[in-house]
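What follows is the residue order along each chain.
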Amino acid sequence: MKRRIRNITIIAVLIGGLLYSCSTEKNTAIRRVYHNITAYFNALYNAQDAYKSGQKRLMNEPNDNYARMLNIFYYSNEGAATAINSDMGRVQEKASKVIKKHSITARPEKRKRKNREFNDLPEYCKHVDDAYLLKGKAELYKHEYFQAIETFRFIIREYSMMPIKYDGQLWLARTYLEMDKYDRAKELIELMQGDNQFPKKLKKQLFLTVAEYHKKQYQLQEAAKQLEKAIPLTKNKTKKYRYHYILAQIYQELEKNDKANENYAIVMRKNPIYEMVFNARINMAQLYRTTQGSAEDLQKELKKMLTDEKNKEFQDQIYFALGSIEENKGNISEALKYYRKSAAVSVQNNYQKTESYLAVAEIYFEQPDYKNAQLYYDSAMGFIDKTRRNYNEIYNKSRNLNELVTHITTIEHQDSLQRVAAMSESKRMALIDQIIQNLIEEEKRQMEEERMNRLAMQNQQQNKRTTQGGGWYFYNPTAVSMGESAFIQKWGKRKLEDHWRRSNKSQMTSEPLAEDAQGEDSTKVTDNKKREYYLQDLPLTDSALAVSDSLIQHAFYELGNVYRIKLENLPKATDTYEELLSRFPGFDKITTVYYRMYKMYEEMRESEKAERYRNIIIQQYPKSLYARLMTNPDYIKKIQEKEQQVKFFYRTTWRLFKNGDYQQVINNFRRADTAFTDHQLYSKFALLNTIAKGQMADSTTFVAYLKDYVKQFPKGNETPYAKDLVRYMTTDQTKPQGVEQKEQKTIAEETKKEIQVDFKMQERVPHYYVSIIDTRNASANLVKFNISNFNIDYYSILDFKVKDFVFSADFKAITVEPFTTWYNAMNYFESIDYVKEVYEDISKNNYIHFVISEENYKKLFETKAINQYLEFFKENYVKRREQANE
């Protein structure tokens, strides 16, 4: 009995001691030992194991996109966060357990007098800081960036005297890089690089981080330098060959082909994973140059790869590599054949399909064969990734070629119509009858082909039902997959929408007389098997022939502009203008064409031709602007001086008007009425004079003054505002200045839409300043008038265009353009806000204003998702400026 009591007592003491040591409120040696052991074996070990498991999963199945430059870090790949979500979730769970249950922050009960550093430690469980670091890494891997930032900042702040702060700085920089916050990342990188105490064991990770910083900003030379430093320090073979592959891609982009080949060869020699080796081989083939010797062995190897079953999904890349070899050898026809084959067999790889179409387009563009180039650029635009680095360059080239081909088509079409119109009636009818007969025969052939295809499909489906069982087509996943693949191969991934076949919907209304203002032209014959269908557009009368000639002249003129400005092909531009002058010597813009010919020949250093056109202008058009420019070198300077005088005088008059000095405004107008009647600001002077006189007269006289102004300037930019004033003074219409009205929704409320639009931040693209006015309560014309005056007052050097258009039923939009970057546009926006003159008579409830990129502007106009854009604007423009000014 005594022994039993003694045993119970011992057990109770042990349990009590254990429970006592579990507490983290007091800091004793026993408790520190206990929590260090249990923190590691109960939680931290499991967190580390889950972290390693997640890393291994990403390395084994990285989901790399070899069509682009690979990411240095696996967690940057698309789908990475989903793939390791469970592993990293377990890391977070176990790391949080260590922090919550084992953190000891209380000061030691028995302080070590000689060890002050120990007494002042922020944490006494040695595994808690590791747990915080693991937690932050897991948050980064799961793309929970804001949580990761908070965790790494905590590590840097709380453990500022411990080595783990460097881990926190390193991983915080990587988090900022994933969020494209390069300025923040740069600050941390420079801090680590300048710290002499930075741990040697983290040097490799720092090199990789700096490489990613430069690579993401396309500073490839610097990225290569950092990777060269990191590779020798990398022990993991899989990662090492990955870095070699990325380095090869960088050198390939920098056109340092020898170094690129050297690194690709390392990858192929070590044979890490098949897909990487395959792409290394393909890229080496694309780098082939005739100076490297015979290409026959290389081509033979690539053609052998085509027959390998495991390369079936990569055939588009192999054909593209073969095309690159032929192009480098100078065999352009063979290169085109392989590039077209590459595009044809490419089904799932939209990047490769884009590259193949672009390769063909660029060959035709260089020849130059612009019509064929346009076709292939247009095809590429149907598959291109809009986040591609040079997307804007390709888009602009495609758009320019579309415009060029439109003008060429107009000329060819009108010329063909005129040729047919010039035929005798019998020949004309015979030609039309032959066209109709050919059309009927072609339709019969197509119908027979479709019938045979249907029979073949029915037989095929019957055979499948015999071997696999029956069922509706869409219940058969194999059949659906085959159909989907065939569709994608031909059309790409198209949205389900009207006119889905067209990648360039801007050209859909180019067919003349397709519709009138009310809809379809009811008089137009649409049956292409009737003679009238072909006769209706022929210029058979003098007036119709004049219209046709006018279309040809305009097309030649614009075609020359496209060659001259957008394609920078001066020989083509001069040839076009020469043909225009030859065919239409009475062209109404002939002096402009002569001057452009003079400047282009001068630029091409063909002095004799340049002098010829210079003499034509001076001798035949001596009073033209161009003749004055040529004969008086100071002519432009004098015009500019006069322009500044007019603008200064108008600014002075506007200030007098704003201050209510109406008599002096009237006096100033008398001078303007004699000196500046031919200037574009004259109508503005006149409006200030009209309102100034009206302010000094009765309302009836004021209205008469305004009506006289409207009569004198029926198409003036300020006339709509004058009409607003007349309407206000003669009826119960809304006052032009902003007046709040009860029980009406604000702009934000009126335009609220439950719609999601993918607005994107683009820095170095054209931007607009936009103001949206509630026309029920305020005058948009007043705002436009004020903005024009603001521009003259504060931005007189810059030639801004102020436009207005209907945004919706009750709202009008006013735009100011152009701004070359978001930064310039924000400067203007902030100037408007600071000066306050533009909206001083308008209630804040009756207008909103912002800046917007050209692409986002189109999306906003189509969707009217104003509230969503305002949130986007505040987050990406306003806050960014605030941060920059901190």
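Asks: Explain the overall build of the protein here, please?
Replies: Across its full length, the protein holds 38 helices and six strands. As presented, the protein carries roughly 50,800 Å² of accessible surface, and 49% of it is formed by carbon and sulfur atoms.

Asks: It is not clear to me how a negative patch on the surface should be interpreted in this structure. Could you clarify?
Replies: A contiguous patch of negative charge, built from E327, E362, E366 and E393, is present on the exposed surface. If you trace the backbone, E393 turns up in helix α20 (residues 391-421). Exposure remark for E393: the relative accessible area of 51% places this residue in the exposed category.

Asks: What should I look at first to understand the packing of aromatic side chains in this one?
Replies: We describe a pair of aromatic rings using the distance from one ring centre to the other and the angle between the two ring planes. The final tally for this structure, using the stated rule, is 59 aromatic pairs. Centre to centre, the rings of Y75 and W171 are 6.3 Å apart; their planes meet at 45°, and the pair counts as tilted. Linking Y75 in the loop between α2 (29-60) and α3 (80-83) with W171 in helix α8 (residues 164-178), this pair joins segments that are 96 residues apart in sequence. An identical accessibility class is assigned to Y75 and W171; each is buried. Here the aromatic rings of F365 and Y377 are separated by 6.4 Å at their centres, their planes lie at 90°, and the arrangement is edge-to-face. Of this pair, F365 sits in helix α18 (residues 350-366) while Y377 is found in helix α19 (residues 370-381), placing the two residues twelve residues apart along the sequence. Directly above the aromatic system of Y218 lies the positively charged group of R389, at a separation of 3.6 Å from the ring centroid.

Asks: Would you mind showing me how to read the packing of α8 against helix α10 (residues 203-216) here?
Replies: Axis separation between α8 and α10 bottoms out at 10 Å; the angle between their running directions is 20°. Compared by their axis directions, α8 and α10 come out roughly parallel. Crossing angle aside, the handedness with which α8 passes α10 is left-handed. In this structure, α8 contributes L170, A173, R174, L177 and E178 to the contact, and α10 contributes Q205, L206, L208, T209, E212, Y213 and K216.

Asks: I tried to follow the side chain of N283 on my own but got confused; where do I start?
Replies: As for its placement among the helices and strands, N283 is situated in helix α14 (residues 274-286). On the accessibility criterion, N283 (12% relative accessible area) is buried. In terms of polar contacts, N283 uses its side chain to reach the side chain of Y264, at 3.0 Å. Beyond its immediate sequence surroundings of up to four residues, N283 is in contact with Y245, Q252 and Y264.

Asks: Looking at this structure, I do not really get the pairing of strand β6 (residues 847-853). What am I missing?
Replies: Successive side chains on a regular strand alternate, one facing one side of the sheet and the next facing the other. Burial runs high along β6: seven of the seven residues are buried. As defined by bridge partners, strand β3 (residues 767-774) adjoins β6 across seven bridges and the pair is classed as antiparallel. Following the sheet pairing, Y769 is matched in β6 by V851.

Asks: Which parts of the structure should I look at to understand the side chain of S853?
Replies: Counting through the fold element by element, S853 comes out in strand β6. Residue S853 is classed as buried on the basis of its relative accessible area, which comes to 0%. In terms of polar contacts, S853 uses its side chain to reach the backbone amide nitrogen of N856, at 3.3 Å. The residues touching S853, leaving out its near neighbours within four places in the chain, are K760, Q762, V765, P766, H767 and Y877.

Asks: How should I be thinking about the pattern of salt bridges in this particular structure?
Replies: Oppositely charged side chains may form a pair once their charged atoms are brought near each other. For the structure shown, the criterion picks out 36 salt bridges. With a shortest N-O distance of 3.5 Å, K142 and E144 are connected by a salt bridge. Given the relative accessible area of 17%, K142 is considered buried. Among the residues examined, E144 registers a relative accessible area of 23% and is labelled partly exposed. For R389, the salt bridge is made with E253, and the minimal N-O distance between the two is 3.5 Å. On the criterion of sequence distance, the pair formed by R389 in the loop between α19 and α20 and E253 in helix α12 (residues 237-253) is long-range, its members being 136 residues apart. The exposure class assigned to R389 is exposed, which follows from its relative accessible area of 56%.

Asks: Even after reading the chapter, I still don't get a nonpolar patch on the surface, so can you show me in this structure?
Replies: A surface patch of nonpolar side chains, about 310 Å² in accessible area, is lined by V33, I37 and F41. Locating I37 in the fold gives a position in helix α2. Under the relative-accessibility criterion, I37 is labelled partly exposed at 45%.

Asks: Even after reading the chapter, I still don't get unusual backbone geometry, so can you show me in this structure?
Replies: With the exception of glycine, the majority of residues adopt a negative phi angle, and the majority of peptide bonds are in the trans configuration. In this chain, Q367 is followed by P368 through a cis amide linkage whose omega measures -10°. Positionally, P368 belongs in the loop between α18 and α19. Here the phi dihedral of E568 falls at roughly 55°; this positive angle occurs in a residue that is not glycine. Mapped onto the elements of the fold, E568 is located in the loop between α24 (542-566) and α25 (570-583). Even without being glycine, K864 reaches a positive phi, approximately 60°. Note on placement: K864 falls in the loop between α37 (854-863) and α38 (866-885).

Asks: Looking at this structure, how should I read helix α26 (residues 590-603)?
Replies: Taking 1.5 Å per residue, 14 residues should reach 20 Å; α26 reaches 20 Å between its end C-alpha atoms and fits that length. Across the 14 residues of α26, eleven count as buried, placing the element largely inside the fold. Residues of α26 that are buried: I590, T591, T592, V593, Y594, Y595, R596, M597, Y598, M600 and Y601. Those residues of α26 that are buried lie in contact with α24, α25, α27 (607-620) and α28 (625-631).

Asks: How should the environment of A813 be read in this particular structure?
Replies: With respect to the helices and strands, the residue A813 is situated in strand β5 (residues 811-819). Sequence separation between A813 and I772 is 41 residues; the distance between their C-alpha atoms is 4.4 Å. If we ignore the near neighbours within four places in the chain, the residues touching A813 are S771, I772, K803, D804, F805 and F807.

Asks: Explanation requested: the environment of V851 in the structure shown.
Replies: Its place among the elements puts V851 in strand β6. A residue is classified by how much of its surface remains accessible, and V851, at 0% relative accessible area, is buried. Spatially, the C-alpha atoms of V851 and F819 are 9.7 Å apart, while their sequence positions differ by 32 residues. The residues touching V851, leaving out its near neighbours within four places in the chain, are Y768, Y769, A825, M826, F829, Y869, F873 and Y877.

Asks: Before we go on, may I ask you to explain the pairing of β3 in this structure?
Replies: Extensive coverage of β3 is indicated by the burial of eight of its eight residues. Taking every second residue as pointing to the same face, both faces of β3 are buried, with H767, Y769, S771 and I773 on one and Y768, V770, I772 and D774 on the other. Relative to β5, β3 runs antiparallel, the two being bridged by seven bridges. Within β5, the residue paired with D774 across the bridge is F811.

Asks: Can you walk me through α24 in this structure?
Replies: The end-to-end C-alpha distance of α24, which contains 25 residues, comes to 35 Å, matching closely the 36 Å that a straight helix rising 1.5 Å per residue would cover. Turning to α24, the residues buried within the fold contact α19, α20, α25 and α26. The positive-phi residue at the C-terminal boundary of α24 is E568, with phi of around 55°.

Asks: Explain the confidence of the model for the protein here, please?
Replies: In low-pLDDT regions, the fine details of the predicted coordinates are not to be read closely. For the protein, per-residue confidence averages 82 on the pLDDT scale, and 82% of positions sit at 70 or higher. This model gives residues 8-21 a pLDDT under 50, and the stretch forms six contacts once residues within four places in sequence are excluded. Long-range and interchain partners of residues 736-743, a stretch whose pLDDT sits below 50, account for 28 contacts in this model, where long-range means more than four residues apart.

Asks: Looking at this structure, I do not really get the sheet that holds β6. What am I missing?
Replies: Sheet strands associate in pairs through backbone hydrogen bonding, adopting either a parallel or an antiparallel arrangement. Here we have four strands laid out as an open sheet, ordered β4-β5-β3-β6, and antiparallel in their pairing. Two strands close off the open sheet at either side, each with one partner strand: β4 (801-808) and β6. Pairs of neighbouring strands in the sheet enclose a mean axial angle of 25°, with direction left out of account. The sheet strands contacting helix α35 (residues 780-794) are β3, β4 and β5, and the helix crosses β5 at an angle near 20°.

Asks: What am I meant to see in the packing of α12 against helix α13 (residues 257-270) here?
Replies: Packed helices, taken two at a time, are described by the angle between their axes plus the distance between the axes. Between α12 and α13, the least distance of the axes is 8 Å, while the angle of their chain directions is 155°. Taken together, the axis directions place α12 and α13 in an arrangement best described as roughly antiparallel. By crossing handedness, the relation of α12 to α13 is classed as left-handed. Residue-level inspection shows Y241, H244, Y245, L247, A248, Q249, Y251 and Q252 of α12 in contact with α13, the latter providing K259, A260, N263, Y264, I266, V267 and K270. For the contact of α12 with α13, the per-class residue count stands at nine nonpolar, four polar and two charged.

Conventions and cut-offs
- Residues numbered from 1 in each chain as written.
- Predicted model: local features only at pLDDT ≥ 70, side-chain atom pairs only at ≥ 80, totals over all residues.
- Heavy atoms only, no water.
- Helix = DSSP H or I, 4+ residues; strand = E, 2+ residues; numbered from the N terminus.
- Areas by Shrake-Rupley, 256 points an atom, 1.4 Å probe, with all protein chains shown as cover.
- Patch = residues over 30% accessible without salt bridge, like charges linked within 9 Å, V, L, I, M, F, W, Y side chains within 5 Å.
- Salt bridge = Lys/Arg side-chain N within 4 Å of Asp/Glu carboxyl O.
- Lys, Arg positive; Asp, Glu negative; His and termini not counted.
- Charge placed at Lys NZ, Arg CZ, Asp CG, Glu CD.
- Buried < 20%, exposed > 50% of the residue type's maximum accessible area, 1.4 Å probe, protein only.
- Phe/Tyr/Trp six-rings, centres within 6.5 Å; stacked < 30°, edge-to-face > 60°.
- Lys NZ or Arg CZ within 6 Å of the ring centre and 35° of its normal.
- Axes fitted to C-alpha atoms, helices over the stretch in contact; angles between N-to-C directions.
- Parallel < 35°, antiparallel > 145°, perpendicular 65-115°, else oblique.
- Left-handed = near helix turned anticlockwise from the far one by under 90°.
- Contact = heavy atoms within 4.5 Å.
- Polar contact = N/O pair within 3.5 Å; in protein donor to acceptor, adjacent residues only side chain to side chain.
- Pairing = 2+ DSSP bridges.
- Expected span 1.5 Å × (residues − 1).
- pLDDT = per-residue confidence, 0-100.
- Nonpolar A, V, L, I, M, F, W, Y, C, P; charged D, E, K, R; others polar.

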